[in-house]
Protein chains: 2
Amino acid sequence: MTELEKGPTGRRRGRGARERILGASQQLFREQGINRTGMDQLCAVAEVSKRTAYQHFTGKDELVAEYLRRFDPSVLSGVFDRTDLTPRERLLAAFDIPPTTPLCPYIGAAVELNDPQHPASQYARDYKKAVAARLADTAREAGAADPEQLGEQLALLIDGAAARTRVLNTDAFPTAAAIAAVLIDNAIPATASDDHRREEVSS
Amino acid sequence: MTELEKGPTGRRRGRGARERILGASQQLFREQGINRTGMDQLCAVAEVSKRTAYQHFTGKDELVAEYLRRFDPSVLSGVFDRTDLTPRERLLAAFDIPPTTPLCPYIGAAVELNDPQHPASQYARDYKKAVAARLADTAREAGAADPEQLGEQLALLIDGAAARTRVLNTDAFPTAAAIAAVLIDNAIPATASDDHRREEVSS
DNA sequence: TGTTATGTACACCGCCCTGTGTGCTTACCG
DNA sequence: CGGTAAGCACACAGGGCGGTGTACATAACA
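How each quantity is defined
- Residues numbered from 1 in each chain as written.
- Chains lettered and ligands numbered in written order.
- Predicted model: local features only at pLDDT ≥ 70, side-chain atom pairs only at ≥ 80, totals over all residues.
- Heavy atoms only, no water.
- Helix = DSSP H or I, 4+ residues; strand = E, 2+ residues; numbered from the N terminus.
- Buried < 20%, exposed > 50% of the residue type's maximum accessible area, 1.4 Å probe, protein only.
- Contact = heavy atoms within 4.5 Å.
- Areas by Shrake-Rupley, 256 points an atom, 1.4 Å probe, with all protein chains shown as cover.
- Least-squares fit on C-alpha atoms with pLDDT ≥ 70 in both.
- Salt bridge = Lys/Arg side-chain N within 4 Å of Asp/Glu carboxyl O.
- Axes fitted to C-alpha atoms, helices over the stretch in contact; angles between N-to-C directions.
- Parallel < 35°, antiparallel > 145°, perpendicular 65-115°, else oblique.
- Left-handed = near helix turned anticlockwise from the far one by under 90°.
- Expected span 1.5 Å × (residues − 1).
- Arc of directions from axis to C-beta.
- Lys, Arg positive; Asp, Glu negative; His and termini not counted.
- Buried area = accessible area lost by both parts, 1.4 Å probe.
- Polar contact = N/O pair within 3.5 Å; in protein donor to acceptor, adjacent residues only side chain to side chain.
- Nonpolar A, V, L, I, M, F, W, Y, C, P; charged D, E, K, R; others polar.

Our next topic: the overall build of chain A. What chain A contains, in helices and strands, is 10 helices and 0 strands. Of the regular secondary structure in chain A, the N- to C-terminal order runs α-α-α-α-α-α-α-α-α-α. Across the 203 residues that make up chain A, the buried fraction comes to 49%. Restricting the contact set of chain A to residue pairs at least 6 apart, pairs at least 24 apart contribute 63%. Carbon and sulfur atoms make up 49% of the accessible area of chain A, which amounts to about 10200 Å² in all.

Put into C-alpha cells, the structure is as follows:
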C-alpha cells in the first residue's frame, strides 16, 4: 500500500488512484462478491471519487476483468517456480493454499456474471486452462505417463476443493491433496516417484 | 405443466399458483442465476400476479430456499436407488450426469448469495453432506476400506466437475469419472472390485 | 345461493445500482 | 513559475430491484 502511492498509474504521473481502485477491488470482490459490491462502496474504500474511477475504467465490467487479471503471480508462479521442490512435490504444493483464499475468484466470477461472453468469464477460462497446462508441464517433468491427463485431473481437484470449501465452509483441500497423491503415484510409471530428479539444495 | 394446474397448492384448493411459481423458479434461477432474476420477470413467466407470489412466499429468500429443496429426487435417488447395478457401478453412475445439468444449483446459490446464514446456503450444505453420506453408504456396500473417506472424495470430484464444467464450458465429468474409478479400485482392498456382489440381473 | 379463500391488475414506494455533468483543487514537471 | 493533467466533491439521471396497498374477479364449497 506504500508503494502504490507512487506506482505508475498507467500513464505517467498522478497519485495512484488506479492502483487503489484495484486494491479495493481485490478486497471487496473477494469478501462480498462482485454483484454485492457497489461502485459507491468500492470508491469509498479506495478513497477515490467515483468520477475518477470511471475515468480509469469505462465501466464495472472492465474493472472486474482487470481485477481478475491481477492474480496469477501470487498463486500460480508462487508454486510452480519453486526450485526447492521436486516436480512431484510441486504438484502437491498446489494444494497447500491453506486458509486465506476463500474461493477461487475465477469460479466466483463465472458464476456471478453468468455470461460466458463477459470478458472476465473469458479470462477465467484462459486462466483455468493455463493452470492445467502448468500442472501438465510439471507432471511431464515428474515423468508422468500422460501429463495432459494428470494436469487436467489435478486442476479438477483444485476446483473441486475450492467449490466444496465454499459451499460447506470447511477446508476441502486436504482431501483433494490425498486424491492428488494417489493420482500422481498411479501416473508415474517407474518407482521414481521421488528424489529421482532432486539436486543438492540445502547447505 | 398440465398436472400442475390442479396440484395441491399447499392448502386445499385454488388453481396452483404456488406450483407455477416454483416451476418458473426452476427454469429462471437455473438459466439466469438467482440475482439476475427479478420477481417481476419470475411472476410474468409463472403467469402469476406479484401479489400472489408474496402471499405464498414471505420474500424472495424463502422462495430461493424452497427452490433448492425441490431437487434431490431427480439426481440423488435416481442414481443410488438403482438395483440393476453393483455398488461399484452405482458409485460411477453418479458421474453420468451428461449434458443437461449446467451447474449444480447448490454451488451456484452458495456463491450468489454469499451468506452462510441464508437458509438456502444452509440447505445447500445439508444437501452436500447428504450426498457425501449416500456415497459413503454405497462405498461401504462396495466393500471400501474407508467408506467415509471415499464418499468425501467422490463428492469432491462431483463438485469439481460441476465447477469446472461451468467455468470452462466443457464437460468435465468424464475426467472426474476416470479419477473416481482409480479411487474406487484403490479403496476396495480385495480383488473384489466387481461382480463379487453381483446377482443374476439380465435374463 | 352466498361466503370465503384464492388469485388478479396496476400503481406505487423506497432503495440501491451503474453511470454522468459540472465546476473546482491539487500535484507534478518542464 | 506556470501549464496541464490527475483527481475531487456533489448532485443527479435513469432504471431495476424487492416489496406493498387497494380494489376487483373468480372458483370452491356450504
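A few words now on the relation of the copies chain B and chain A. Superposing chain B onto chain A takes a rotation of 180° combined with a translation of 0.0 Å along the rotation axis, leaving an RMSD of 0.2 Å. The superposition operator between the copies reduces to a two-fold rotation axis. Relative to the rotation axis, the C-alpha of Gly160 of chain B is the closest in chain B, positioned 1.6 Å from it. A high fraction, 100%, of the interface residues of chain B reappear at the interface in chain A, so the copies pair face to face through one surface.

So, about the pattern of salt bridges. Throughout the structure, instances matching the rule amount to 26 salt bridges over all chains. Its salt-bridge partner being Asp159 of chain A, residue Lys128 of chain A comes within 2.7 Å of it at the nearest N-O pair. In this pair, Lys128 of chain A sits in helix H8 (residues 119-141) while Asp159 of chain A sits in helix H9 (residues 147-168), placing the two residues 31 residues apart along the sequence. Here Lys128 of chain A falls in the buried class, since its relative accessible area comes to 6%. Between Arg90 of chain B and Glu141 of chain B there is a salt bridge whose closest N-O contact spans 3.4 Å. Residue Arg90 of chain B is located in helix H6 (residues 87-93), and its partner Glu141 of chain B is located in helix H8 (residues 119-141); the two are separated by 51 residues in the primary sequence. Residue Glu141 of chain B is classed as partly exposed on the basis of its relative accessible area, which comes to 32%. Several salt bridges share partner residues, and in doing so they unite Glu19, Glu66, Arg69 and Arg70 of chain A into one network.

For the pair H9 of chain A and helix H7 (residues 105-113) of chain B, interaxial distance at closest approach is 9 Å and the crossing angle is 65°. Put simply, H9 of chain A runs roughly perpendicular to H7 of chain B. Where H9 of chain A crosses over H7 of chain B, the handedness of that crossing is left-handed. Facing H9 of chain A, whose interface residues are Ala163, Arg166 and Val167 of chain A, H7 of chain B presents Tyr106, Ile107, Ala110 and Val111 of chain B.

Take helix H7 (residues 105-113) of chain A next. Among the 9 residues of H7 of chain A, 9 are classified as buried, and the element is accordingly described as predominantly covered. Along H7 of chain A, the residues that are buried comprise Pro105, Tyr106, Ile107, Gly108, Ala109, Ala110, Val111, Glu112 and Leu113 of chain A.

A turn of α-helix holds 3.6 residues, and therefore any two residues three or four places apart point the same way. For helix H10 (residues 173-187) of chain B, spanning 15 residues, the distance from its first C-alpha to its last is 20 Å, which sits close to the expected 21 Å at 1.5 Å a residue. Those residues of H10 of chain B not exposed but buried are Phe173, Ala176, Ala177, Ile179, Ala180, Leu183, Ile184 and Ala187 of chain B. Summarising the axial view, the buried residues of H10 of chain B lie within an arc of 165°, below the 170-degree limit, and thus occupy one face. For H10 of chain B, the secondary structure elements touched by its buried residues are H9 and helix H10 (173-187) of chain A together with H6 and helix H9 (147-168) of chain B.

The next thing to look at is the side chain of Glu112 of chain A. Turning to its location among the elements, Glu112 of chain A is positioned in helix H7. Of the buried charged residues, Glu112 of chain A lacks a salt bridge, with Arg166 of chain A as the closest side chain of opposite charge at 5.8 Å.

Turning our attention to unusual backbone geometry. Its identity as a non-glycine residue notwithstanding, Asn169 of chain A has a phi of 65°, on the positive side. Among the secondary structure elements, Asn169 of chain A is positioned in the loop between H9 and H10.

With that settled, consider the interface of chain B and chain A. Listed by partner, the interface residues are 42 residues for chain B and 42 residues for chain A. Together, the buried faces of chain B and chain A total about 3500 Å²; carbon and sulfur atoms form 64% of this surface. On the chain B side of the interface with chain A, the three residues burying the most area are Leu156, Arg164 and Val167 of chain B, jointly 21% of the side's total. There are 4 salt bridges connecting chain B and chain A. Taking the shortest distance from any N to any O, the salt bridge between Glu152 of chain B and Arg164 of chain A comes out at 3.0 Å. Where chain B meets chain A, there are 10 residue pairs in polar contact (both at pLDDT 80 or more). Per element, the largest residue contribution to the side of chain B that touches chain A is 13 residues, and it comes from H9 of chain B. Of the residues belonging to the side of chain B that touches chain A, the class tally is 22 nonpolar, 10 polar and 10 charged.

Read these as geometric descriptors, not functional statements.
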